[in-house]
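Architecture at a glance
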Amino acid sequence: MEAALPESARGGVAKPSSEADARRRRAFIYGLIAFLLVASLPFLPVNNYIIAAVVRALIFISLGQAWNVVAGIGGLLSLGHGVFLGIGCYTTGILFNQYGIPPWLGVWVGAVLSLLVALVMGSMTLRMRGVFFALATVAASLAMVQISRHFVDLTGGADGLALKFFGNSWWAAQSRTPAPFLYASLAFVTLYYWITRWILNSKLGLEMQAVRDDEVAAAAAGVAVFRTKMLGLLVSAAMTALAAGLYMQFYMAIDPEAAFGLSQAIQLQLPALIGGLGTAWGPIIGGAVMIFLSEVTNWGGTKIGVSGVDILVYGLMLLVVVLYAPKGIVGSVLRNAMKGADR
Amino acid sequence: MNAPAVALEVRNIARNFGGVVALRDVTFSVREGEVVGLIGPNGAGKSTLFEIVSGNIRPSGGRVAYFGRDCTTMASHLRRRAGMCRTFQKVRLFESMTVRQNISVAASQCLPKGRDLGEEVNNILAQMRLEHQAERRPSELTLADRKRVEIGRAIAGHCRLLMLDESLSGLTHDEAEHLIDEIMQLNRARGITVIVVEHVLSVLAAMVQRLVVLHNATVIADGTPSEVAHDPVVIEAYLGTKQKALR
């Protein structure tokens, strides 16, 4: 297990000043307020549609945080992270529908399968420099689309897989209302935030950032480049597959395009890209902004009879971020406000 | 008294890139504690040799031994952990990290068991006169400081052989002199063997005990600065005239 670095060896927290401490405290308090606000939604006069929208945001934040680990911290551009989402969803769904295995267990099988696929993908591509890893992830996505279409009996083919519905059931991890999913997804976001924070402050995190900045220099500093990339990919794949279990239980269905399609892969990347790559807060802020804008524009689009406006909004957001805030909201806009705080 | 151990032995190294011969039958050795200069005109093969010794490029033939151990096929990160350290011709720092983190990366990989990581990082910062720059990022530093960070990162943790690739180029006369002092201090205080690739022979002559001259992909001279400066083959092939060489 990778050890956490001593304070004196870390960068941003090496010499904590009172100002940095104050900012860190402030960031923690804002986070706590947001957490409590979200947790209290079911007790406020808020309808289920709003709660469901928040759940969607939290699920995408979790998935975005998982992608952030490999791409933001590790610098490995995975364009086909939907592979791990799809494996998580399909495994949970197939085990439940066909074998009666509850999602509580099925999700771990999905995580193990994702780890195996990541191991194979990584073994083949991570020793190469350049775009090979990115291309391999796209190729894997395309292959998975075909595989999931081919095995109709298991996956439902092009029509997809719908979970058998048992109503409110702890055993089946199902609910008629979105409130239970709100707490589950909030737990995921909190856990993934702490995992990301831990990675950033650990020896593994330092190694991953070194490899991201310069592979040759990292090797010259003694970093085992291949091992570091592989560890980052495995952690991210497992995180994605576990969050996919929640995705499946909430949406109750999955199809090849929703799992492995390019638009899904892009959606997984948006929270971190918009919020700030390689930061723990980035995907949280990016995911919240993304879903909020998408819901508002969808609502506006419905009023004027135009559908699919959210995709257009995602594209525009990405364009604005690339042009005006390439380090994302946390990296560019909130840089000064969060300076010294653990981003 | 025993002679110092051979820190680095390069034996019959060859390297071809397609039809281009970058190195041909290159042989030399460096003893522990020595400061050796590696010179040669552009295209002589110095950088390729550096890359081969540090493990980034595999040779087409020949072998490299480090303190008697064949390391020709050893991965570069394992060479570094064994104490074979290097800098780059164009400074390569981790730009998203602070100076302290840059040094921490190497120290955390290479520090022998029982030694304190934080203390080692602080020692390196003090030794390279970087204490006040510790929380800055490389983009905020002068070229001289960036080079010092790179050397600090190179020696952090465990270093027995330091290979400097044109670390003095681009520096003012004063900056270069300061850096030479620091390198010589590392050689004396830490007993680090040093190999320096440079173009400025007059600077090297005052610094190194031996010079190895590469020309047209092979070694044409190996001796003290004075011997090399008077070597007719070197004068004809590389230096032009003795006066020009030592000016």
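Residues numbered from 1 in each chain as written. Chains lettered and ligands numbered in written order. Predicted model: local features only at pLDDT ≥ 70, side-chain atom pairs only at ≥ 80, totals over all residues. Heavy atoms only, no water.

With that out of the way, let us pick up the sheet that holds strand β2 (residues 20-31) of chain B. Residues and elements named next belong to chain B. Taken in spatial order, the 4 strands make up an open sheet running β2-β1-β4-β5, and their pairing is antiparallel. Each end of this open sheet is capped by a strand with a single partner; those strands are β2 and β5 (69-70). Strands β1 (6-17), β2 and β4 (61-66) of the sheet are contacted by helix α1 (residues 46-54), whose axis makes an angle of about 120° with β1. (Pairing = 2+ DSSP bridges. Helix = DSSP H or I, 4+ residues; strand = E, 2+ residues; numbered from the N terminus. Contact = heavy atoms within 4.5 Å. Axes fitted to C-alpha atoms, helices over the stretch in contact; angles between N-to-C directions.)

Residue and element names in this part refer to chain A. Looking at chain A as a whole, its pLDDT mean stands at 87, while 91% of the residues score no less than 70. Averaged pLDDT values over the elements of chain A bottom out at 78 in helix α15 (residues 328-333) and peak at 96 in helix α10 (residues 225-251). Taken together, the stretch residues 11-16 has pLDDT below 50 and engages in 15 contacts with residues farther than four places along the chain or on a different chain. (pLDDT = per-residue confidence, 0-100.)

With that out of the way, let us pick up the environment of L206 of chain A. All names here are of chain A. One can find L206 in helix α8 (residues 203-213). Residue classification places L206 among the buried positions, given a relative accessible area of 3%. C-alpha separation for the pair L206 and I73, spaced 133 residues apart in sequence, amounts to 8.9 Å. (Buried < 20%, exposed > 50% of the residue type's maximum accessible area, 1.4 Å probe, protein only.)

Quick look at the domain arrangement of chain B now. Residue and element names in this part refer to chain B. Segmenting chain B into domains produces domain 1 (6-83 + 160-246) and domain 2 (91-158). Averaged C-alpha coordinates put domain 1 and domain 2 at centres separated by 24 Å. Counting residues at the interface gives 21 residues for domain 1 and 18 residues for domain 2. When the area that domain 1 buries against domain 2 is broken down by residue, the three leading residues are R80, E182 and R190, summing to 38%. Between domain 1 and domain 2 we count 3 salt bridges in total. In this structure, E182 and R148 form a salt bridge, with 4.0 Å as the shortest nitrogen-oxygen distance. Here domain 1 and domain 2 share 11 residue pairs in polar contact (both at pLDDT 80 or more) between them. Those elements that provide at least two residues to the side of domain 1 that touches domain 2 are α2 (76-81), β7 (161-165) and α6 (173-189). Of the residues forming the side of domain 1 that touches domain 2, the biggest block, 6 residues, is contributed by α6. (Domains from an automatic or database assignment. Buried area = accessible area lost by both parts, 1.4 Å probe. Salt bridge = Lys/Arg side-chain N within 4 Å of Asp/Glu carboxyl O. Polar contact = N/O pair within 3.5 Å; in protein donor to acceptor, adjacent residues only side chain to side chain.)

Next up on the list: the pattern of salt bridges. All names here are of chain B. Inspection of the entire model under this criterion finds 20 salt bridges over all chains. A salt bridge links D145 to R148; the shortest N-O distance between them is 2.6 Å. Taken as a pair, D145 and R148 lie in helix α5 (residues 143-155) at a separation of 3 residues, close to a single helical turn. Residue R210 is joined to D222 by a salt bridge in which the shortest nitrogen-to-oxygen separation is 3.0 Å. Of this pair, R210 sits in strand β9 (residues 210-215) while D222 sits in strand β10 (residues 218-223), and the two are 12 residues apart along the sequence. Residue classification places R210 among the buried residues on the basis of a relative accessible area of 15%.

Across the boundary between the two partners, chain A contributes 27 residues, which contact 28 residues of chain B. Approximately 2,200 Å² of surface area, both sides summed, lies buried where chain A meets chain B, with 58% of it carried by carbon and sulfur atoms. When the buried surface of chain A facing chain B is broken down by residue, L206, A220 and A221 of chain A rank first, second and third, together holding 21% of it. Run the count over chain A and chain B and you get 1 salt bridge. We note a salt bridge from R92 of chain B to D214 of chain A, for which the minimum N-O separation is 2.8 Å. Taken together, the links from chain A to chain B amount to 7 residue pairs in polar contact (both at pLDDT 80 or more). Elements supplying a minimum of two residues to the side of chain A that touches chain B: α8 and α9 (215-220) of chain A. Ranked by residue count, the leading element in the side of chain A that touches chain B is α8 of chain A, at 7 residues.

Further remarks concern the packing of aromatic side chains. The tally for this structure, following the rule as stated, stands at 11 aromatic pairs over all chains. Relative to F67 of chain B, the ring of Y66 of chain B has its centre 5.0 Å away and its plane inclined at 85°; by these criteria the two rings are edge-to-face. Through a chain of ring-to-ring contacts, the aromatic side chains of F181, Y247, F250 and Y251 of chain A assemble into a single cluster. Sitting above the plane of the F88 of chain B ring, R92 of chain B keeps its charged end 5.2 Å from the centroid. (Phe/Tyr/Trp six-rings, centres within 6.5 Å; stacked < 30°, edge-to-face > 60°. Lys NZ or Arg CZ within 6 Å of the ring centre and 35° of its normal.)

If you look at the biggest cluster of nonpolar residues, it comprises 84 residues, and the most contacted ones within it are L58, L182, Y247 and I254 of chain A. Examining the composition of this core, we find that 16 residues originate from one element, helix α2 (residues 48-73) of chain A, more than from any other. Each residue touching L182 of chain A, except ones within four places of it in the same chain, is listed here: V38, L41, P42, I51, V54, V55 and L58 of chain A. With 62 residues, the next largest nonpolar core counts F88, A106, V196 and L211 of chain B among its residues. (Core = buried A, V, L, I, M, F, W, Y, C linked by side-chain atoms within 4.5 Å.)

Here the focus is the pairing of strand β8 (residues 193-197) of chain B. Two faces belong to every sheet, and in a regular strand the side chains alternate between them. All names here are of chain B. Taking burial as the measure, the 5 residues of β8 include 5 buried ones, the bulk of the element. Residues T193, I195 and V197 of β8 are buried on one face, and the alternating residues V194 and V196, pointing to the opposite face, are buried as well. With 4 bridges connecting them, strand β3 (residues 35-39) and β8 associate as parallel partners. From the neighbouring strand, V36 faces β8, where its bridge partner is I195. As a crossover connection, the stretch from β7 through α6 into β8 is right-handed. (Right-handed = clockwise from strand over helix to strand, strands pointing away.)

Residues and elements named next belong to chain B. Pairing is mixed in the open sheet, where 6 strands are placed in the order β6-β7-β8-β3-β9-β10. At either end of the open sheet lies a strand with only one pairing partner, and these are β6 (84-86) and β10. Going across the sheet, the axis of each strand differs from the next one's by a mean of 20°, ignoring polarity. Pairing of β9 with β10, which is carried by 5 bridges, proceeds in the antiparallel orientation. When the bridges of β10 are listed, L211 appears paired with G223. Contacts from α5 reach β6 and β7, with the element oriented near 155° to β7.

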